[in-house]
Amino acid sequence: MVELRVVAGRSAGKKTAIEQFPFRIGRSSKAGLCLSDAGVWDQHAVLTQAEDGTFLIRPESGAVVTVEGNGIAEHHLRNGDIIDCGGAKVRFWISAAPARSLVLREACVWAIILSILAAEVFLIVALS
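The rules behind each value
Residues numbered from 1 in each chain as written. Predicted model: local features only at pLDDT ≥ 70, side-chain atom pairs only at ≥ 80, totals over all residues. Heavy atoms only, no water. Pairing = 2+ DSSP bridges. Helix = DSSP H or I, 4+ residues; strand = E, 2+ residues; numbered from the N terminus.

Looking now at the pairing of strand 11 (residues 88-94). Pairing between strand 1 (residues 2-8) and strand 11: 6 bridges, direction antiparallel. Bridging across to strand 11, alanine 8 finds its partner in lysine 89. Relative to strand 11, strand 10 (residues 82-85) is paired through 4 bridges, and the arrangement is antiparallel. Directly across from cysteine 85, in strand 11, lies its bridge partner alanine 88. Where strand 10 folds back on strand 11, the antiparallel hairpin that results is connected by 2 residues, among which glycine 86 adopts a positive phi of roughly 60 degrees.

Right, here's the structure in full:
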């Protein structure tokens, strides 16, 4: 799962999961991550996923975006990168996929172990 975490600015602490691309950052209510900080444009930046699975960010026309303090025209994002959009700082984060529950598998394994144990006890008692 890809997530954006606002680390500085008016929306500090806000987390937004990205479920589909392209994903827009900006002041507009239509943006996936809406930021109201000074210097944030209505359509400030867009995140996309490249064919090779990497994630790209590029500023919209005229907007300024920096990643790790460097101005960019387009940038391949890495886990933990800090993106500056106007007065807001946003951390790009690829979080671990949620683990599936293994309760049913564990119950089946324990049932098999107990069945084998019961069969062994039965054979010991029957053959004695």
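Read on, since the account is not over.
If a residue is not glycine, its phi is most likely negative; likewise, a peptide bond is most likely trans. Geometrically, the link from phenylalanine 21 to proline 22 is a cis peptide bond, its omega value of 0 degrees lying close to zero. Within the secondary structure layout, proline 22 lies in the loop between strand 2 (15-18) and strand 3 (23-26). The phi torsion at glutamate 68 lies on the positive side, around 55 degrees, for a residue other than glycine. For glutamate 68, the location among the structural elements is in the loop between strand 7 (65-67) and strand 8 (70-71).

Just geometry here; none of it tells us what the structure is for.
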